[in-house]
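What follows is each chain in one-letter form.
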Amino acid sequence: MKRPLCVTGFTMLFALFLLCKANPKAIGAVCLAALIAFVVSLSVKSVRRDKTLPTAFLSIAVAGALLLSAGAQNAALSAYTEEKSVYVEGSLSDLPYRENGRYYYVLRTSRIGENEASQKVRLVSSAPLDLTPRDTFLGDVRMFRLGDSAQDDDILAYYRSTGLVLGAYPTGESRITRQTQNDLYALILSFRQSIVQTVLTALPGDCGALITGISLGAADELSGQATNAFRVSGVSHLLVVSGLHLTTWSMLLLMGLQKLGFRRRQCAVFGIGFVLLFVVLTGAAPSVVRAAVMLGVVYAADLFRREAEPLNSIGLALTGMLLVNPFAARSLSLLLSVFSTVGILLFAKPIEAFLNRPAKHLETHKILLRVYHFVTSVVSVTFAVTVCTLPIQLWAFGTFSLVSLPANLLLLTAGSACMVCGLLGAVFSLCGLLFLGNPLLFCAAGLSRYLLAVTGWFANSDFAVLPVNSAYAKLLLAAAFFAAAVFLLWKSPPKKLRRAVCVVLVGLFLFSNLAVYAFSERALRLTAVDVGDGVAVVLRCQGETVVLGAGGDYYADSEICAILSAYGATHIDALVLPASGDEYISAAKPVSDSLATETVYYAPELRAADLSFGEQKIPIDKTVLSLANGDLTVAVQSKGNYRYAEIRYGAFRALVSFSAGNNFQGDGASVLISAANTPQNIHPADFGLVVLSVADASTADFLSAYGGNVCTTAENGSISVLARPNGDFQYQRSV
């Protein structure tokens, strides 16, 4: 077996990814089956000699045992949540941040109650705390388990993947002792905070926030619209500190050391020290740790005069990280980082060599040749990364950026330059060398504005994002994996056959998804979003997007944004706020912060001055919206007890009720969507489909007694409807 660590690491990753949501009995059964398979594999001589299958089976058993152990430890933490108030001492584990008007502080505790305990706890406060990385927090808090109140298991999985299980909020008096933390981690974290504050003070707004995000991964101050623009453009990797950032700084460090006359082994020692410093300085995100382990192995190989094996290095990084936190297998940043690196290692050079063949005719034109090689290098890396991360994108986003290739060509070099200028400028400014720091920050500001302008332009372009969540996409992806497995088992497959299969699969994938997308864009797509007790309905037709109501529980904004992302929406054409109250408007600002909103239609009791979002603000007065070249109309009424929206698309009619005072008796619309307070005098049998947006499914019991097709978001999640102009429609329940 050539790469034992690679087999171990990736087997544990896949096993943990699949088992993270399983119950303990299922995990135990998998562990037992893996141990039996391990023993059986040892009894077969050829398999025992190869060692691959026994290693894989043993890795699965270890992964299951780790998951059971981590689950038991997390369950034991429930004892803290049963107390009404518990005393806590701790210091900052990461930089504080603000979100949705609340202040968050991730603490590493030294004491909980009467016992010494080292746990990560996310402290939530409605007012800012004067807490720095070198201070200690002491006070009584009420603890709760993060994600337990969420209806979506993915939210709980997210918190576990970050190593955060407990949340807390102050319940009594708290105090902060100054300058008590003098360990190296606190000093580095304090230095990181000083860099961030220096940049944000010199360059407020998205400009400075983008520089801190690219340089240190501290993108909390970056607006949702800017973050979404980077995602839509396919360059969100610039905001996640990973191998690109670490490699850039390491290359600059090595070049400087070599210029000063240091030898290779001496450079390796400095390199290992810098890698450790960089991990702490950037917050020790999974993608950074993975890159740090790989680069550390490379430096160690130089130090001990050995040759590093890249895939084994990735396996070593995965094994170590998963041993510490098995739930990290569901960390999106880790998965994207790992598979991006695998794609670059396996496919980037062959693709670049293929693209460079026509360059033989440019050998006499050195400048053109360099430009051509730069373009082919970026194209090959982008294509390799896109192919290998496509399954992750399907799982996490359900979308594919059609502008990723030109965006990377235009922004990759500028992003690296912005990172170097911004961080060096901040460091020089902190040291009092303003004559060096200010020019560098000025250059970083110009590059930052360029990045924001280009990503904003790409994000606002029509059809920048291609949804790839159809059944055809999943079937073709399965076919691609099957073909890859066949080629791996086939010892010497013909090169022409491999290339032909790759071209055909890629062509079919793009063509089928484009065809499905174009076909669905001609229809009306309507989704009643699962927001708990509230109303949020997303309409998408012929590239235009409307959101009717934007309220609900704490996670309403993330649910609405997830639907908009699945539809490939890059902006909101109209946002309708039919009434005041959290059940109608609580998620309006967070959603508008993520996607640019063109027009906001608001109820009479709301004031335009209180709405800080939307390019235009228009009060609702029997408003009729005409969209999709007049094919789609949305009539909105918001007066007194009558608050509803009527949607017409050809012969298809849908009603959205925002108030119990509406009277739809005998209406006969195709679809009725209602909030928790159902309209009076309705009979479900009069409608083709009745959807109740509620947190408790028992609310629908009295309706189902009358017959008809009644669905609740509490039981089924968001419910999507695909309607045709002839009145036909079909709906899908997304549990």
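The coordinates are above.
Computed from a predicted model, the values in this text were never measured in an experiment.

Engineer: So what's going on with the pairing of strand E21 (residues 689-692)? Which residues, and what values?
Structural biologist: Burial of the side chains of E21 extends over both faces: Leu689 and Val691 are buried on one face and Val690 and Leu692 on the other. Pairing between E21 and strand E22 (residues 710-712): three bridges, direction parallel. Looking at the pairing, valine 690 lines up with valine 710 of E22.

Engineer: Report on the environment of alanine 453, specifying residues and quantitative values.
Structural biologist: Here alanine 453 lies in helix H17 (residues 434-460). Considering only alpha carbons, one finds alanine 453 and alanine 226, 227 residues apart in sequence, at a separation of 9.5 Å.

Engineer: Mind laying out the environment of leucine 53, listing which residues take part and the relevant values?
Structural biologist: Along the chain, leucine 53 turns up in helix H4 (residues 52-76). On the basis of relative accessible area, leucine 53 is assigned to the partly exposed category, the value being 43%. Placed 12 residues apart in sequence, leucine 53 and serine 41 show a C-alpha to C-alpha distance of 6.9 Å.

Engineer: Help me get a handle on the nonpolar core, residues and values and all.
Structural biologist: In this structure, Val141, Met143, Leu246 and Leu451 are the most contacted members of the largest nonpolar core, which totals 75 residues. Broken down by element, this core gets its largest block of residues, nine residues, from helix H16 (residues 404-430). Here leucine 246 is in contact with Phe274, Val275, Phe278, Ala291, Ala292 and Leu295, once residues within four sequence places are set aside. Counting 37 residues, the second-largest nonpolar core is a separate cluster that includes Val537, Leu625, Ala645 and Val671.

Engineer: Pulling in residues and values, what's your account of helix H8 (residues 206-216)?
Structural biologist: The buried fraction of H8 is high, at 10 of 11 residues. All of the buried residues in H8 are Cys207, Gly208, Ala209, Leu210, Ile211, Thr212, Gly213, Ile214, Ser215 and Leu216. Taken together, the buried residues of H8 touch helix H7 (184-202), helix H9 (224-233), helix H10 (243-259), helix H11 (264-281), H16 and H17. Directly beyond the C-terminal end of H8, a positive phi value near 75° is found at glycine 217.

Engineer: Now, about the sheet that holds strand E16 (residues 623-627): what can you tell me, with residues and values included?
Structural biologist: If you walk across this open sheet you meet the seven strands as E16-E17-E18-E19-E20-E21-E22, and the pairing is mixed. Looking at strand neighbours, the two that pair on one side only are E16 and E22, the edges of this open sheet. The mean angle between the axes of side-by-side strands here comes to 15°, regardless of whether they run parallel or antiparallel. With five bridges joining them, E16 and strand E17 (residues 632-639) adopt antiparallel strand pairing. Looking at the pairing, valine 624 lines up with alanine 635 of E17.

Engineer: So what's going on with a nonpolar patch on the surface? Residues and values would help.
Structural biologist: The grouping of Leu35, Leu58, Val62 and Leu323 at the surface amounts to a nonpolar patch, some 300 Å² of accessible area in total. Looking at the secondary structure, you find valine 62 in helix H4.

Engineer: Hey, could you go over the side chain of serine 670 for me, with residue numbers and the actual values?
Structural biologist: Along the chain, the position of serine 670 falls in the loop between strand E19 (652-657) and strand E20 (671-674). The class for serine 670 is buried, based on a relative accessible area of 15%. Those residues in contact with serine 670, other than ones at most four positions away along the chain, are Phe652, Arg653, Phe687, Gly688, Leu689, Gly727 and Phe729.

Engineer: Lay out the pairing of E19 in plain terms, naming residues and giving numbers.
Structural biologist: Side-chain positions along a regular strand alternate between the two faces of the sheet. For E19, the buried fraction is high: six of the six residues fall into the buried class. Taking every second residue as pointing to the same face, both faces of E19 are buried, with Phe652, Ala654 and Val656 on one and Arg653, Leu655 and Ser657 on the other. Note: strand E18 (residues 642-649) against E19, six bridges, orientation antiparallel. Paired with tyrosine 649 across the strands is phenylalanine 652, a residue of E19. Between E18 and E19, which pair antiparallel in sequence order, lie two residues; one of them, glycine 650, sits at a positive phi of approximately 65°. Pairing analysis gives four bridges linking E19 to E20, with the strands arranged parallel. Along E20, the bridge assignment pairs serine 657 with serine 674.

Engineer: How would you sum up the pattern of salt bridges? Please name residues and give values.
Structural biologist: According to the stated counting rule, one finds eight salt bridges in the structure shown. Put simply, aspartate 593 and lysine 589 hold a salt bridge, and the shortest N to O gap is 3.0 Å. One end of the pair, aspartate 593, and the other, lysine 589, are both in helix H22 (residues 588-594), four residues apart, so they sit about a helical turn from each other. The class of lysine 589 is partly exposed, set by a relative accessible area of 40%. The residue glutamate 646 makes a salt bridge to arginine 648 at a minimum N-O spacing of 3.2 Å. In this structure glutamate 646 comes out as buried when scored by relative accessible area, which is 19%. Linked through salt bridges whose partners overlap, the residues forming this network are Asp130, Asp135 and Arg178.

Engineer: Tell me about the packing of aromatic side chains, residues and numbers included.
Structural biologist: Enumeration over the complete set of coordinates arrives at nine aromatic pairs. For the ring pair tryptophan 457 and phenylalanine 458, a centre distance of 5.1 Å and an interplane angle of 65° mean the geometry is edge-to-face. The class for phenylalanine 458 is buried, based on a relative accessible area of 6%. Centroid distance tyrosine 584 to phenylalanine 658: 6.5 Å. Interplanar angle 75°. Geometry classified as edge-to-face. Here tyrosine 584, found in helix H21 (residues 582-585), pairs with phenylalanine 658, found in the loop between E19 and E20; they are 74 residues apart in sequence, far enough to count as distant. Judged by relative accessible area, tyrosine 584 falls into the buried class, the value being 10%. On the basis of relative accessible area, phenylalanine 658 is assigned to the buried category, the value being 1%. Among the aromatic residues, ring-to-ring pairing joins Phe10, Phe14 and Phe339 into one connected group. Arginine 330 extends its terminal NZ or CZ atom over the ring of phenylalanine 17, reaching a point 4.3 Å from the ring centre.

Basis of the calculations
Residues numbered from 1 in each chain as written. Predicted model: local features only at pLDDT ≥ 70, side-chain atom pairs only at ≥ 80, totals over all residues. Heavy atoms only, no water. Buried < 20%, exposed > 50% of the residue type's maximum accessible area, 1.4 Å probe, protein only. Helix = DSSP H or I, 4+ residues; strand = E, 2+ residues; numbered from the N terminus. Pairing = 2+ DSSP bridges. Core = buried A, V, L, I, M, F, W, Y, C linked by side-chain atoms within 4.5 Å. Contact = heavy atoms within 4.5 Å. Axes fitted to C-alpha atoms, helices over the stretch in contact; angles between N-to-C directions. Patch = residues over 30% accessible without salt bridge, like charges linked within 9 Å, V, L, I, M, F, W, Y side chains within 5 Å. Areas by Shrake-Rupley, 256 points an atom, 1.4 Å probe, with all protein chains shown as cover. Salt bridge = Lys/Arg side-chain N within 4 Å of Asp/Glu carboxyl O. Phe/Tyr/Trp six-rings, centres within 6.5 Å; stacked < 30°, edge-to-face > 60°. Lys NZ or Arg CZ within 6 Å of the ring centre and 35° of its normal.

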